[in-house]
Amino acid sequence: MPITYKNTDDIAKMRVAGRLASELLDYLTPFVKLGMTTNQLDRLAEEHTTRVLGAVSAPLHYSPKGQYPYPKSICTSVNHQVCHGIPNDKPLKNGDIVNVDVTLIKDGWHGDCSRMFMVGHVSVAAKRLCHLTYEALWKGIMQVKEGVHLGSVGFAIQTFAQRHGLSVVREYCGHGIGRAFHEEPQILHYGQPGTLEKLESGMTITIEPMLNAGRREVREVGDGWTIVTKDRSLSAQWEHTVLVTPTGYEVLTLSAGSPPLPAFVTDFAKEYGQQHPFHTHAQHISS
Ligand code: MF3
Ligand code: CO
Ligand code: CO
């Protein structure tokens, strides 16, 4: 799918889809706990998406270029699983870290986001990985503005990750999003400032860094989807859908249950004297 530029009406619909995707994660949050299976989360997500949100699960039967159709409504990636984990009947156990990635279609438009969840008592290293990956996502988001090169977004994420001893997965990336699930351009989570395409106002993209506690190499497990770290080290991922604006960005996948923004984001906003309603639209003006 090519790059698409969204007009005012399109953006209004992307805002709704994005908020609902985030609300689906809010709904699932209390269920991501000890003893629950990821299949139970999948069924809860499917029912909530259709019956309450009046939307459609984008992952279900999704089959990009000849790939085996994805069999479930959400992705659940546990511990050393990097992304695209297929829900199953294994109960979540004490100390697990879980990424839940949801994408829904509302009124023809996609919203795509994911969060990390910690089950019971999690190791200090796992907690640190989850928190730093969340901050890395926001380091990327804060770069977003019309005219900024995509390499600058990747660079911000990569330098932050590496400074904290984490590695960046290269085989999977963020993407344009709109009427289609995956549109151009690819949003790499590593790179060099001032390289690659320039962001333009009206683009909607996802940023979804996957950071590993160990080496960056990954492999597919053989089920056609699930990606794991080669060295079996822990991996974390967070994702938002973001609108590019002339002055910065607007995060579309926020809702009442979104985790608080990192202090470096809110401090920046304060410094510029802004009073943005961060729980509906995080907007950021960067000059
Ligand atoms: N939600 C994932 C993303 O962020 C894509 C999952 S594809 C699926 O791009 F088929 F596995 F759902
Ligand atoms: Co995505
Ligand atoms: Co996603």
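For the structure itself, consult the block above.
Residues numbered from 1 in each chain as written. Chains lettered and ligands numbered in written order. Predicted model: local features only at pLDDT ≥ 70, side-chain atom pairs only at ≥ 80, totals over all residues. Heavy atoms only, no water.

Student: So, the coordination of the cobalt ion (ligand 3): which residues are in play, and what are the values?
Tutor: Donor atoms from the polypeptide that bind the cobalt ion (ligand 3) are D101 (OD), D101 (OD), D112 (OD) and E239 (OE), placed at 2.1 to 2.4 Å. Here the cobalt ion (ligand 2) and the cobalt ion (ligand 3) are spaced 3.4 Å from one another, each receiving a donor from D112. One end of the pair, D112, is in strand β5 (residues 109–118); the other, E239, is in the loop between β13 (235–237) and β14 (240–244), with 127 residues separating them in the sequence. What makes D112 buried here is its relative accessible area of 2%. (Donors = N, O, S within 2.8 Å, 3.2 Å for Na, K, Ca; no water. Helix = DSSP H or I, 4+ residues; strand = E, 2+ residues; numbered from the N terminus. Buried < 20%, exposed > 50% of the residue type's maximum accessible area, 1.4 Å probe, protein only.)

Student: Account for the side chain of S255, with residues named and values stated.
Tutor: With respect to the element layout, S255 can be found in the loop between β15 (248–251) and α5 (263–271). For S255, the side chain forms a polar contact with the side chain of S22, separated by 2.6 Å. (Polar contact = N/O pair within 3.5 Å; in protein donor to acceptor, adjacent residues only side chain to side chain.)

Student: Tell me what's going on with the packing of helix α1 (residues 8–28) against helix α2 (residues 38–52), and back it up with residues and numbers.
Tutor: One way to put it is that α1 packs onto α2 with a least axis distance of 10 Å and a crossing angle of 135°. Classified by the angle their axes make, α1 and α2 are oblique. The handedness of the crossing between α1 and α2 comes out as right-handed. Every residue of α2 that contacts α1 at L24, Y27 and L28 is listed here: L41, L44, A45, H48 and T49. When its residues are assigned to classes, the contact of α1 with α2 shows 6 nonpolar, 2 polar and no charged. (Axes fitted to C-alpha atoms, helices over the stretch in contact; angles between N-to-C directions. Parallel < 35°, antiparallel > 145°, perpendicular 65-115°, else oblique. Left-handed = near helix turned anticlockwise from the far one by under 90°. Contact = heavy atoms within 4.5 Å. Nonpolar A, V, L, I, M, F, W, Y, C, P; charged D, E, K, R; others polar.)

Student: Describe the pairing of β15, naming the residues involved and giving the relevant values.
Tutor: Relative to β15, β14 is paired through 3 bridges, and the arrangement is antiparallel. Each residue of the ladder has a partner; that of V242, found in β15, is V251. In this structure, the hairpin formed by β14 and β15 is closed by a connection of 3 residues. (Pairing = 2+ DSSP bridges.)

Student: Which residues make up the packing of aromatic side chains, and what values do they have?
Tutor: Under the defined criterion, the tally for this structure stands at 5 aromatic pairs. For the pair Y62 and F181, a centre-to-centre distance of 4.7 Å together with 45° between the ring planes defines the contact as tilted. Here F181 lies in the loop between β7 (174–176) and β8 (183–187) and Y62 lies in the loop between β1 (56–57) and β2 (75–78), a separation of 119 residues in the sequence. For Y62, a relative accessible area of 22% gives the class partly exposed. Its relative accessible area of 10% is what places F181 among the buried residues. (Phe/Tyr/Trp six-rings, centres within 6.5 Å; stacked < 30°, edge-to-face > 60°.)

Student: Quick one: what's the story with the coordination of the cobalt ion (ligand 2), residue by residue and with numbers?
Tutor: Listed as protein donors to the cobalt ion (ligand 2) are D112 (OD), H175 (NE2), E208 (OE) and E239 (OE); their distances from the metal cover 2.0 to 2.2 Å. Coordination geometry of the cobalt ion (ligand 2): the 6 donor atoms subtend angles of 51 to 162° at the metal centre, consistent with an arrangement described as irregular. When the donors of the cobalt ion (ligand 2) are listed by position in the chain, the intervening gaps give D-x62-H-x32-E-x30-E. Among the residues examined, E239 registers a relative accessible area of 1% and is labelled buried. (Tetrahedral: all angles 85-135°; square planar, octahedral: opposite > 155°, others 65-115°.)

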